[in-house]
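Structural features, examined
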Amino acid sequence: MVLIRAASDADAAAIAAIYAPFVETSQATFEEVPPDAAEVAGRVRGTGIAYPWLVAEEAGALLGYASSGYFRQRSAYRWAVETSVYVAPGSHRRGVARRLMSELLVQLERAGFVTAIASISLPNRPSVALHENLGFSLAGTIRAPGYKLGEWIDIGYFQRDLATRTVPPGEPTP
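Parameters at a glance
- Residues numbered from 1 in each chain as written.
- Predicted model: local features only at pLDDT ≥ 70, side-chain atom pairs only at ≥ 80, totals over all residues.
- Heavy atoms only, no water.
- Salt bridge = Lys/Arg side-chain N within 4 Å of Asp/Glu carboxyl O.
- Buried < 20%, exposed > 50% of the residue type's maximum accessible area, 1.4 Å probe, protein only.
- Phe/Tyr/Trp six-rings, centres within 6.5 Å; stacked < 30°, edge-to-face > 60°.
- Helix = DSSP H or I, 4+ residues; strand = E, 2+ residues; numbered from the N terminus.
- Lys NZ or Arg CZ within 6 Å of the ring centre and 35° of its normal.
- Arc of directions from axis to C-beta.
- Contact = heavy atoms within 4.5 Å.
- Polar contact = N/O pair within 3.5 Å; in protein donor to acceptor, adjacent residues only side chain to side chain.
- Axes fitted to C-alpha atoms, helices over the stretch in contact; angles between N-to-C directions.
- Parallel < 35°, antiparallel > 145°, perpendicular 65-115°, else oblique.
- Left-handed = near helix turned anticlockwise from the far one by under 90°.
- Nonpolar A, V, L, I, M, F, W, Y, C, P; charged D, E, K, R; others polar.

Notes on the pattern of salt bridges
What the rule picks out here adds up to 10 salt bridges. Between D11 and R5 there is a salt bridge, with the nearest N and O atoms lying 2.8 Å from each other. We classify R5 as partly exposed; its relative accessible area is 24%. When salt bridges that share partners are traced, they join R5, D11 and E57 into one network.

A closer look at the packing of aromatic side chains
Across all of its chains, the model carries 10 aromatic pairs by this definition. Judged by centre distance (5.6 Å) and plane angle (5 degrees), the rings of W53 and Y65 are stacked. One end of the pair, W53, is in strand β2 (residues 53–58); the other, Y65, is in strand β3 (residues 61–70), with 12 residues separating them in the sequence. Here W53 matches Y65 in class, with each residue buried. When the ring centre of F71 is taken as reference, the NZ or CZ atom of R72 above it lies at 4.5 Å.

As for helix α2 (residues 37–45)
Residues V40, A41 and V44 constitute the buried set of α2. One side of α2 carries all its buried residues, which in axial view fall inside an arc of 105 degrees. Elements in contact with the buried residues of α2: α1 (12–25) and β2. Where α2 begins, one side-chain oxygen reaches toward the backbone nitrogen of A38, 3.2 Å away; that side chain belongs to D36. Positioned one or two residues after α2, G46 has a phi angle of 90 degrees, which is positive.

Overview of the packing of helix α3 (residues 96–110) against helix α4 (residues 125–133)
The contact between α3 and α4 brings their axes to 11 Å, and the two run at 45 degrees. One element, α3, and the other, α4, form an angle in the oblique class. In this structure, α3 crosses over α4, and the sense of that crossing is right-handed. Taking contact as the criterion, the partners of A97, R98 and M101 in α3 are, on α4, L130, H131 and N133. Each residue belonging to the contact of α3 with α4 can be placed in one class, and the counts come to three nonpolar, two polar and one charged.

This is the structure in structure tokens:
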């Protein structure tokens, strides 16, 4: 049985291992050097604000993780949150990413965020389909802002509203 739970420092090495192949061999992320466990632990803890990170665990092994963090660091962006999800090889097509993202979106909505944004390297049909199935829609495309693995890569920004925008807005409390 797959358990979705909050990530902790103890998960950092497994998260780093899941993420490393995406960094090294794909254009799914613009990072070019995989972060080590210490760096991942710092990301999980956050930089002053504890944005949710979740893991999917089965029989003691991590199958994937979903993360959230600043969309932009300027204060007027604090109601927007950027999300991502990565699944370990061998765990794809089992609904792991959907379960992780679904729970992450619930937690972000409860925390008072107004919109979730996913930055997806294009083309990436599986990730686009996942996000569209979860209610995200294409908000815009940036043409070739990054170069990795011998190619210039487009980025699609996909957005899903989590709450109605009020004036004045309540403060998010991640």
